[in-house]
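Residues per chain are reported as follows:
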Amino acid sequence: MLMIDGTIVNIALPRIGAELHMSRTDLSWVINTYILAFGGLLVLGGRAGDILGRRRIFLAGITLFTLASLIGGLAPTAGVLLGARVMQGVGAALAGPGTLALITGNFAEGEPRNRALAVLTAVTSGGAALGLTLGGVLTDSASWRWVMFINVPIGVAVMVLTPRFVQESERHPGRFDLPGALTSTLGMTSLVYGLIRVSSAGWSDRQALVAFAVGVVLLAVFGWVETRAEQPVVPLRLLADPSRLGAYINMLLVPAAGISMFFFMGQYLEDVLGYGSLATGLAFLPLAGALLIASQLAPRLMTRYSPKPVALAGIAVITVGLAWLTQVDTGTSYVTGILGPMFLFGFGAGFTFMPLTSIILSGVAPSEAGAASGLMQAFQQTGGSLGLAILVTVFGSVTAHTTLRGTAALAQGISAAVTATAVFTAAAIVIILAVRQRRT
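Computed from a predicted structure; not experimentally measured.

Conventions used here
- Residues numbered from 1 in each chain as written.
- Predicted model: local features only at pLDDT ≥ 70, side-chain atom pairs only at ≥ 80, totals over all residues.
- Heavy atoms only, no water.
- Helix = DSSP H or I, 4+ residues; strand = E, 2+ residues; numbered from the N terminus.
- Rg over C-alpha atoms; globule rule 2.2 N^0.38 Å.
- Buried < 20%, exposed > 50% of the residue type's maximum accessible area, 1.4 Å probe, protein only.
- Contact = heavy atoms within 4.5 Å.
- Areas by Shrake-Rupley, 256 points an atom, 1.4 Å probe, with all protein chains shown as cover.
- Axes fitted to C-alpha atoms, helices over the stretch in contact; angles between N-to-C directions.
- Parallel < 35°, antiparallel > 145°, perpendicular 65-115°, else oblique.
- Left-handed = near helix turned anticlockwise from the far one by under 90°.
- Phe/Tyr/Trp six-rings, centres within 6.5 Å; stacked < 30°, edge-to-face > 60°.
- Core = buried A, V, L, I, M, F, W, Y, C linked by side-chain atoms within 4.5 Å.
- Salt bridge = Lys/Arg side-chain N within 4 Å of Asp/Glu carboxyl O.
- Nonpolar A, V, L, I, M, F, W, Y, C, P; charged D, E, K, R; others polar.
- pLDDT = per-residue confidence, 0-100.

### Section: the overall build of the chain
Along the chain, the regular secondary structure elements total 16 helices and 0 strands. In terms of overall dimensions, the chain is globule-like: its C-alpha atoms have a radius of gyration of 21 Å, near the 22 Å expected for 440 residues. With respect to the three principal axes, the spread of C-alpha positions in the chain is 60 × 50 × 45 Å. Out of the 440 residues in the chain, the part that is buried amounts to 55%. In the chain, of all internal contacts separated by at least 6 residues, the share reaching a separation of at least 24 is 82%. Carbon and sulfur atoms form 68% of the exposed surface of the chain, whose accessible area is close to 17,800 Å².

### Quick look at the environment of alanine 408
Tracing the chain through its elements places alanine 408 in helix α16 (residues 407-434). Along the chain, alanine 408 and glycine 331 lie 77 residues apart, while their C-alpha atoms are 9.3 Å from each other.

### Digging into the packing of helix α13 (residues 307-325) against helix α14 (residues 334-361)
If you want to describe how two helices pack, look at the angle between their axes and the distance between the axes. Running from N to C, α13 and α14 cross one another at 155 degrees; their axes reach a closest spacing of 7 Å. When the axis of α13 is compared with that of α14, the two are roughly antiparallel. α13 and α14 meet at a crossing whose hand is left-handed.

### Concerning the packing of aromatic side chains
A ring pair, where both rings are aromatic, is described by two values, the distance of the centres and the angle of the planes. The tally for this structure, following the rule as stated, stands at 6 aromatic pairs. Measuring from centroid to centroid gives 5.3 Å for tyrosine 248 and phenylalanine 379, while their planes differ by 25 degrees, and the two rings are stacked. Of this pair, tyrosine 248 sits in helix α10 (residues 242-272) while phenylalanine 379 sits in helix α15 (residues 369-401), and the two are 131 residues apart along the sequence. With 6.4 Å between their ring centres and 45 degrees between their planes, tyrosine 275 and tyrosine 334 make a pair best called tilted. Of this pair, tyrosine 275 sits in the loop between α10 and α11 (277-283) while tyrosine 334 sits in helix α14; the two residues are 59 residues apart in sequence, bridging distant segments of the chain. An aromatic cluster is present here, built from Tyr34, Phe38 and Phe65 joined pairwise through their rings.

### A look at the nonpolar core
Core analysis: the largest hydrophobic core is formed by 86 residues, its most contacted members being Met261, Met265, Tyr268, Ile338, Met342 and Ile414. The leading source of residues in this core is α10, at 14 residues. With sequence-adjacent residues up to four places away left out, methionine 265 is seen in contact with Ser260, Phe284, Leu325, Ile338 and Ile414. Listed in part, the 21 residues of the second largest apolar core include Val9, Leu13, Val30 and Val147.

### A word on the pattern of salt bridges
Tallying each qualifying case throughout the model produces 1 salt bridge. Notably, a salt bridge pairs arginine 145 with glutamate 19, separated by 2.8 Å at the nearest N-O pair. Taken together, the residues span a long stretch of sequence, with arginine 145 in the loop between α5 (111-141) and α6 (146-149) and glutamate 19 in helix α1 (residues 13-20) at a distance of 126 residues. Accessibility expressed as a relative area gives 39% for glutamate 19, which makes it partly exposed.

### Digging into the packing of α10 against α16
Contact geometry for α10 and α16: axes closest at 9 Å, N-to-C directions at 165 degrees. Here α10 lies roughly antiparallel to α16, going by the angle between them. α16 is crossed by α10, and the crossing has left-handed handedness. Taken together, the residues that form the contact of α10 with α16 break down as 18 nonpolar, 7 polar and 1 charged.

### Notes on the confidence of the model for the chain
A residue-level look at the chain finds 95% of positions with pLDDT of 70 or above and a mean pLDDT of 84. Across the chain, the element-wise mean pLDDT spans from 75 in α5 up to 94 in helix α3 (residues 54-74).

Shown next as structure tokens:
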């Protein structure tokens, strides 16, 4: 539900703008307010679960998210909708880290946890693709408001079933690291805001540069505070292990690559191939299907080969798919140039995220599982925002200087952006090869 919400609204944006009288700039904030609140508060949400109880914070986040979805679906004005999106982001930041941390607490390390993580990987990684599909179906067949309403029955079901089936984690009460919480939250929020500004206004935008500077300073202060805090909001020892640090960096780079598949392929299908919103959404189903299959195979491969080589294979498959995708032009059809890369990307993602998650959580103390989970998801959200900012800049630069016009220029820009994306995954491969495997 949390991951679907990051993309399901995309296809509904034209209808939202028409009904609520929102400009193109205003519409960008329908997406960005959610990302900003979600990415900025993830670290704080993870640590709050460690201290106050993960199931309690998880349920609080789901309740807030569900209520915000109802308000957003009923929104009579643009302001109400944007406020609801902020509430959704806060709820997601509270519930997201708890989702992963509760799985580690309810399933023993080894095969049981690997199977649970495989299911989690399938539904979270596939959520973005399914969001595009559902967005197209709901927008065409009903109303844009149903991209918000769809969360309500799911959220209510989770609230009812969680107390019955999910055990509360052991609470680790203590002094809350308020300076660390403030500097991490404000620093991440400032950084994410800067990335959002860059994606729309370019790297020379003054507000973006100020936001970057403030974010870097605050995160530097955060690091200094955490080295001195008795109970830090993010224990820096989580980053001391080279294998875990490498997995965290990969959680930044791979989502940065993934954004190109959803953002640019959606544009290619609609603007170059002429697909409607429903057809565009359905076109992403092969990616989701391949991901579901691969995520179920990943635990068996990890049992036999360990997480590192499985993640390496997954990222390599993603890279091959992206390399294939760089060949798109106005003569490319869905069957000959898009379908194959989508399958490869889906299989690669299914083999990648679960092993990386396993590496990150392996050996983490129970009292720090929420912080480790929140930090991982913060890397993912920042990676997606950073990737979008970089790739939109590449796309804009190529389309501004090309001699081509119309859909030919658009296709050339998309090809260049995907080429830059392959650099992200190539860097991820180098990092995974460079770090040593943690001894078990």
